[in-house]
Structures are given as structure tokens and as C-alpha cells.
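Structural description and commentary
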Amino acid sequence: MILSLSPPMASSFCGWTLQLPFLSNFRRPTVRSRFIRASSSSSTSSNGNLPIKKSFPGEPEADVVVIGSGIGGLCCGALLARYNQDVLVLESHDLPGGAAHSFEIKGYKFDSGPSLFSGLQSRGPQANPLAQVLDALGESLPCAKYDSWMVYLPEGDFLSRIGPTDFFKDLEKYAGPNAVQEWEKLLGAILPLSSAAMALPPLSIRGDLGVLSTAAARYAPSLLKSFIKMGPQGALGATKLLRPFLEIVDSLELKDPFIRNWIDLLAFLLAGVKSDGILSAEMIYMFAEWYKPGCTLEYPIDGSGAVVEALVRGLEKFGGRLSLKSHVENIVIENGKAVGVKLRNGQFVRARKAVVSNASMWDTLKLLPPGALPDSYVTGVNTTPQCESFMHLHLGFDAKEQGIADDLEIHHIVVNDWDRGVDADQNVVLISVPSVLSPNLAPPGKHVLHAYMPGTEPFSLWEGLDRKSAEYKDLKSQRSEVMWKAVERALGPGFKREKCEVSLVGTPLTHQRFLRRNRGTYGPAIEAGKGTFPGHSTPIPQLMCCGDSTFPGIGVPAVAASGAIVANSLVTVSKHSELLDAIGL
């Protein structure tokens, strides 16, 4: 499951995320593309089918050059275009979207990343930051709605529903009355804090002192109202928003093993760390979103590729440019400032105002010449802990031939052993079958499936292996077996792996190769109370960063917010305020 909710922005502008970035373009399929390409080769893409422009788009210069077309880079570029800036987004690969792109093989359209979303159609101050960006761009994103997923735990298998009452029934059956009491106690303590966790619209944040105008002063009344509503005790509790959630759990003396395991699982799915490492603000917002009356989850019609399409439409609508197969080799520094980039083909692209890197902090470092950054900054980047990588399994199969039930759920979570911990390798498998809600993602009567182990696969097992070697193939077979077994458990006894029409296994080397991610990592493993995500500026003037290596962190909502923050920071406060006025924030 990949969670993509709206992140809270606490009073100190602390945000959070819920979505995992994934990639599984293990073999490049032939793809159709409507996007500008640096080469003249024709191709096809599940992300679009408009005519291809066969040359570099326009002059090799722009006000702002963005490196990478991930969600963060596209949000940044599209908003800058909305601000009437000349923007050029450079993408190394032949499809935009980074970890969120989609790809098609034999008529099956696969998500390479996000699969569980919430708040995409929300509007207003508390909306998902991605939804706020799309609103600013005048783009809509049709979604299917649902409210449940299947869970396979050591205690048993059950259909878990979001909402204020249904989960109590599961607790009563699988954990007992004490777990119910503790869950009620937890909700009673944290739900009043949610107003503080949701006080500031993500799109109001910028990375300079202008934030005092666009966020602090603009939303001071709503902030004050939320604190008054909480009362003295609640306001005091709000100080815990930036502390690990486990501190709240321990202060409430929650002892039930199921409750503590479930909380750890939710935390890990949200942020890649357990409850001792996740910000309380993240968890509190999630509880407020999932345990209120009428809450639903969403899946974009046409898959996660539709999200990318909407952002690219917004970028191009306002005059922004996207160039595919344009690999950035270096960030060019002149007189101590970032002035552009050099492409692999030798072409120099000048940035009149700024270069924005949507690459990870480690990969951005590789783009810079030696000595460009202070040693202390380089050491800080190189010593930042990393999340592990992923294993992926993408399948396409005939539902009738495989005996798949008509009421199959879109999402499934398998936990093999609580005692090992949810962050242990080969222990938790997440499964998404998006064609359940969006049948057009597969040929008639068939399904697409994505199973993966979220940020728990050690890169050290794969480091140095030749991807064409027998050793690599054998390791793929061994390490993917736990995913196959989870899929067989979720789909039932009629499912036979050998009958799948498409079967792809992705490894940490897949991540490293296609996402250009250092060690194939999920992102920085920064735990609450032990560190903070870096900001968006760098020691080099005119070089900024967005994406999961920057505040607010990992996941679709967070990287969308990071891209928006950088875009806002590159324009005047008055332009920023005009945009907020235009979309009613």
C-alpha cells in the first residue's frame, strides 16, 4: 500500500507525507509520448499519445531549469510557469513522472509507484498539497472512491475499513475488549490535536521570511481559533506534534500488543519508520482523516500516470517546457553561483535565475564539481542515514482463468511476523490491484497487480552484482518468493503464477538504475526527535532542491509541497499572495 494523504503543517511549518516512491520499469517497453524529446526516435506511452516534438524545446535557456520530472520537480516547474516564469524541466528518461510514472506492456498499464491516495479531490486550506497545486493549475483529476483494504496478520485475515466505528469491530474480534478500550483512549487524546496539525495550507509556505506574510500573518486567526478550540490542555498537547508519536502512546500507557503493532504498521506505511521515529503530527493527521464520518480513499482514474499527465498539462498550459531524454551531467557553477546545467550530449542550458534539483541529496552532490560545497555540508549529506530499497513484482493476468473473485479488494497488506518488526526485510508485503477500480488499466477481464516490500530490502545484498549474471537472476528468484506467496494468499487458491501473461521482478538495482537513486534508496531515514529534513536552499547561490530529500520529506504529498515551496520562494511575496487569493486560500 502506498499512502498519499494530505500532510499537516504544524505551527512551525512541519509537514509530512504518506506515499512511497517506486519504480519498476525493469525493461523499457515501447512507449507513446506526447512530450518533447531530445532525440528524434518515435515511441509510445501510457502517459499520453499526442504528437512528439523531435527537437530540444526552444532556446537552451530559461529563468529556472529544473532537474528531474518527479512529482516534486513537476509541481515546482508547473507553479513557476503559473507565476509567469520561463521554466524548462529536464528529464533523463523517456517518460516523465519519476517514481510516479506509469508504463504499459501487452495492454497492461502499470503504476510504478503511488497506489493509495486520499484528498486528491479536496479543496481549501486543509487539502492535500498536490490537490492545491492542481487547483492552482486549473487541472482536475477524476478519482474512484472506496473505504477498505484487506489485511493478513498473524492474528487472522480481515477487511479493514476506515471510518469512526468499523475498526472497533475488528479489534473486538482479533484483539479483545482491552484493545478496544485503548483505541478509544488513543482517539480521544489525539483527535482534538488535529486542528493544530492542519492549521496552515501547504501552498502558503515559502522558504524565506516572506512566509511571515503568506502563512503566519495570513492564517493567524485560524491558528488562534484552533488553539482556543483545543483548550489549555489540548494546546499543551500540541507541543508534542513535533515529537515522536511513541511518546504519546507511552504517555497514554497503551500496552495492548495488537494496538502497538498496528500503530507501528501505520507509521511505517506512512513514513518508512515506526512509531518511535514518526512525527506525531503525521499520525494525528492520518487518524483525523481516516476515522471521521464519511471518509474515503481515492484512486485516480487511469492510474498514477494521470497525476503526471495533469501536472504536465498544467506546466505546458502556462508556457513551461519539458524535455525528455535530456540527461543532466553537471550543474555548472560560475563565480560561485549555479548558472545552468551541462547535458550528457555536451549542450549547455543556461538558468537565468536558478537551478532546481529534484534529484536526491546524494545524487545532487554528484552533479556538482569538487569543492563547490563546504566540507561540512558534504559530510552532512554523506552521513545522512538512508532507508533501504525495494523489491517489486508486477503482474498481468486473466481474472477468470485464475479464478479471481469478483469482489477482490484493490489493496492488501500482509504481515508475516509481528515479532520481527514491520521494518524487517521480507516481512511486510503490500499489494495493489488498481484495475479493480479502474478496469481500463488492463485488457477486458484482466487485472494488473503491483506487489512490493516497502523500503526494507538491503542494498548490500545486491551491490556490485552484474544484472546479466546467473547470480543476479538467482537472487531475484529467492528474494521475490515472499511476494509471490503473499500474492497467492491474497488472490486465493485458483491463482497460478505460471499463468500470468506479464511477470516482472524489480530489485534495488532497478531503483538505482532507472530512478538514478543512490543505492536504490527510498530516501533519507530521518527520525523525529533525532534530526530534521534539510531545507530547500543550498550553500551555492541560485541552486535549490526539492523532492524527498528536503522538507517536508518522503511521499507524494510531501514532495508536492516541497516543489511548491521552492516555486513560491523564487517569486515575490506579492505574486505568491495573488496566487493564494486566486484559489481561495
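Residues numbered from 1 in each chain as written. Predicted model: local features only at pLDDT ≥ 70, side-chain atom pairs only at ≥ 80, totals over all residues. Heavy atoms only, no water.

Per the secondary structure count, the protein chain includes 17 helices and 21 strands. Long-range contacts, defined here as pairs at least 24 residues apart, represent 72% of the contacts in the protein chain between residues at least 6 apart. Of the roughly 21100 Å² that the protein chain leaves accessible, carbon and sulfur atoms contribute 51%. (Helix = DSSP H or I, 4+ residues; strand = E, 2+ residues; numbered from the N terminus. Contact = heavy atoms within 4.5 Å. Areas by Shrake-Rupley, 256 points an atom, 1.4 Å probe, with all protein chains shown as cover.)

This next bit is on the environment of Glu155. Position of Glu155 among the secondary structure elements: in the loop between strand E9 (148-153) and strand E10 (156-161). With 262 residues separating them along the chain, Glu155 and Asp417 place their C-alpha atoms 9.9 Å apart. Apart from residues no more than four positions distant in its own chain, Glu155 is found in contact with Tyr174, Phe258 and Trp418. Looking at Glu155, its side chain comes within polar contact range of the side chain of Trp418, at 2.8 Å. (Polar contact = N/O pair within 3.5 Å; in protein donor to acceptor, adjacent residues only side chain to side chain.)

Attention shifts here to the side chain of Asn568. Here Asn568 is to be found in helix H16 (residues 556-569). Residues within four places of Asn568 in sequence aside, it is in contact with Tyr83, Leu203, Ile205, Arg206 and His576.

A few words on the side chain of Asp170. In this structure, Asp170 sits in helix H3 (residues 166-174). Among buried charged residues, Asp170 stands out as having no salt bridge; its nearest opposite-charge side chain is Lys173, 7.3 Å away. With residues near it in sequence (within four places) discarded, Asp170 still touches Phe158, Leu159, Ser160, Arg161 and Ala175. (Buried < 20%, exposed > 50% of the residue type's maximum accessible area, 1.4 Å probe, protein only. Lys, Arg positive; Asp, Glu negative; His and termini not counted. Salt bridge = Lys/Arg side-chain N within 4 Å of Asp/Glu carboxyl O.)

All right, on to the layout of surface pockets then. One water molecule sets the probe size; rolling that probe over the atoms shows where empty space is left. Of the pockets and cavities examined, the largest pocket occupies roughly 800 Å³. Elements supplying a minimum of two residues to the lining of the largest pocket: helix H1 (71-82), helix H12 (361-366), helix H15 (508-514) and H16. With three residues, H15 is the single largest residue contributor to the lining of the largest pocket. Each of domain 1 (61-100 + 109-139 + 302-385 + 526-583) and domain 3 (392-518) contributes no fewer than three residues to the lining of the largest pocket. (1 Å grid on protein atoms, 1.4 Å probe; cavity = no way out; pocket = protein on both sides within 12 Å on 5 of 7 lines; lining within 4 Å. Points joined across faces, edges and corners; volume = space filled by probe spheres on them. Domains from an automatic or database assignment.)

To describe a pair of aromatic rings, one takes the distance between the centres and the angle between the planes. Under the criterion given, the structure shown has 12 aromatic pairs. A centroid spacing of 5.1 Å and a plane angle of 25° characterise the contact between Phe167 and Trp262, whose relative ring orientation is stacked. With Phe167 in helix H3 and Trp262 in helix H9 (residues 257-271), this pair connects stretches of sequence that are 95 residues apart. The buried category is assigned to Trp262, whose relative accessible area is 1%. On the numbers, 5.3 Å between centres and 50° between planes, the contact of Trp183 with Phe287 is tilted. One end of the pair, Trp183, is in helix H4 (residues 177-190); the other, Phe287, is in helix H10 (residues 280-290), with 104 residues separating them in the sequence. In this pair, the class of Trp183 matches that of Phe287, namely buried. An aromatic cluster is built from Phe158, Phe167, Tyr174, Trp183, Phe245, Phe258, Trp262 and Phe287, whose rings are joined through pairwise contacts. (Phe/Tyr/Trp six-rings, centres within 6.5 Å; stacked < 30°, edge-to-face > 60°.)

With that out of the way, let us pick up the pairing of strand E14 (residues 337-343). Taking burial as the measure, the seven residues of E14 include five buried ones, the bulk of the element. Where strand E13 (residues 328-334) and E14 come together, six bridges link them in antiparallel fashion. When the sheet's bridge partners are listed, Ile333 is paired in E14 with Ala338. Connecting E13 to the next strand, E14, in antiparallel fashion are two residues, including Asn335 with a positive phi near 55°. Pairing between E14 and strand E15 (residues 348-357): three bridges, direction antiparallel. If you follow Lys342 over to E15, its bridge partner there is Phe348. Counting the residues that bridge the hairpin from E14 to E15 gives four residues, and of these Gly346 lies at a positive phi of roughly 95°. (Pairing = 2+ DSSP bridges.)

Two side chains of opposite charge can pair, provided their charged atoms sit close to one another. This model, assessed by the stated rule, comprises 24 salt bridges. Arg206 is the salt-bridge partner of Asp208, the closest N and O atoms lying 2.6 Å from each other. Residue Asp250 pairs with Arg260 through a salt bridge whose shortest N-O separation is 3.0 Å. Placement of Asp250 in helix H8 (residues 245-251) and of Arg260 in helix H9 is noted, with a sequence separation of 10 residues between them. Salt bridges sharing common partners tie together Glu61, Asp63, Asp86, Arg321 and Arg352.

Under the counting rule described, the total for this entry stands at zero disulfides. Cys76 carries a free sulfur, and the closest cysteine sulfur to it, the one in Cys546, is 5.0 Å from it. The buried category is assigned to Cys76, whose relative accessible area is 0%. (Disulfide = S-S within 2.5 Å.)

A word on the sheet that holds strand E20 (residues 502-506). One open sheet holds the seven strands; their spatial order is E10-E9-E17-E18-E19-E16-E20, and the pairing between them is mixed. With partners counted over all chains shown, the strands left at the sheet margins are E10 and E20, one partner each. Across this sheet, the average inter-strand angle for adjacent strands is 15°, counted without regard to direction. Taken together, the three bridges between E9 and strand E17 (residues 411-415) define a ladder with parallel strand orientation. Within E17, the residue paired with Met150 across the bridge is His412. (Axes fitted to C-alpha atoms, helices over the stretch in contact; angles between N-to-C directions.)

A separate point is H16. Helix length check: H16, at 14 residues, gives a terminal C-alpha distance of 20 Å against a target of 20 Å (1.5 Å per residue), a fit within 8%. Across the 14 residues of H16, 14 count as buried, placing the element largely inside the fold. (Expected span 1.5 Å × (residues − 1).)

Now for the packing of H9 against H10. The interhelical angle for the contact between H9 and H10, taken along N-to-C directions, is 100°, at an axis separation of 11 Å. With respect to H10, the axis of H9 lies roughly perpendicular. Residue-level inspection shows Ile263, Leu266, Ala267, Leu270 and Ala271 of H9 in contact with H10, the latter providing Glu282, Met283, Met286, Phe287 and Trp290. Of the residues assigned to the contact of H9 with H10, the class counts are nine nonpolar, no polar and one charged. (Parallel < 35°, antiparallel > 145°, perpendicular 65-115°, else oblique. Nonpolar A, V, L, I, M, F, W, Y, C, P; charged D, E, K, R; others polar.)

Here we come to unusual backbone geometry. That bond from Phe551 to Pro552 is cis: its omega, 5°, falls within 30 degrees of zero. Relative to the helices and strands, Pro552 resides in the loop between strand E21 (543-545) and H16. Positive phi, normally seen in glycine, also occurs at Lys325, with a value near 50°. Of note, Lys325 is situated in the loop between strand E12 (321-324) and E13.

What follows concerns the nonpolar core. Of all hydrophobic cores here, the largest spans 64 residues; its most connected members are Trp183, Phe245, Trp262, Met283 and Phe287. With 11 residues, H9 is the largest single contributor of residues to this core. Residues from two domains meet in this core; each of domain 2 (163-291) and domain 3 (392-518) gives at least three. Excluding residues within four positions of it along the chain, Met283 makes contact with Phe245, Ile263, Leu266, Ala267, Leu270 and Ile278. Counting residues in each nonpolar core, the second largest holds 54 residues, with Cys75, Leu79, Ala215 and Val307 among its members. (Core = buried A, V, L, I, M, F, W, Y, C linked by side-chain atoms within 4.5 Å.)

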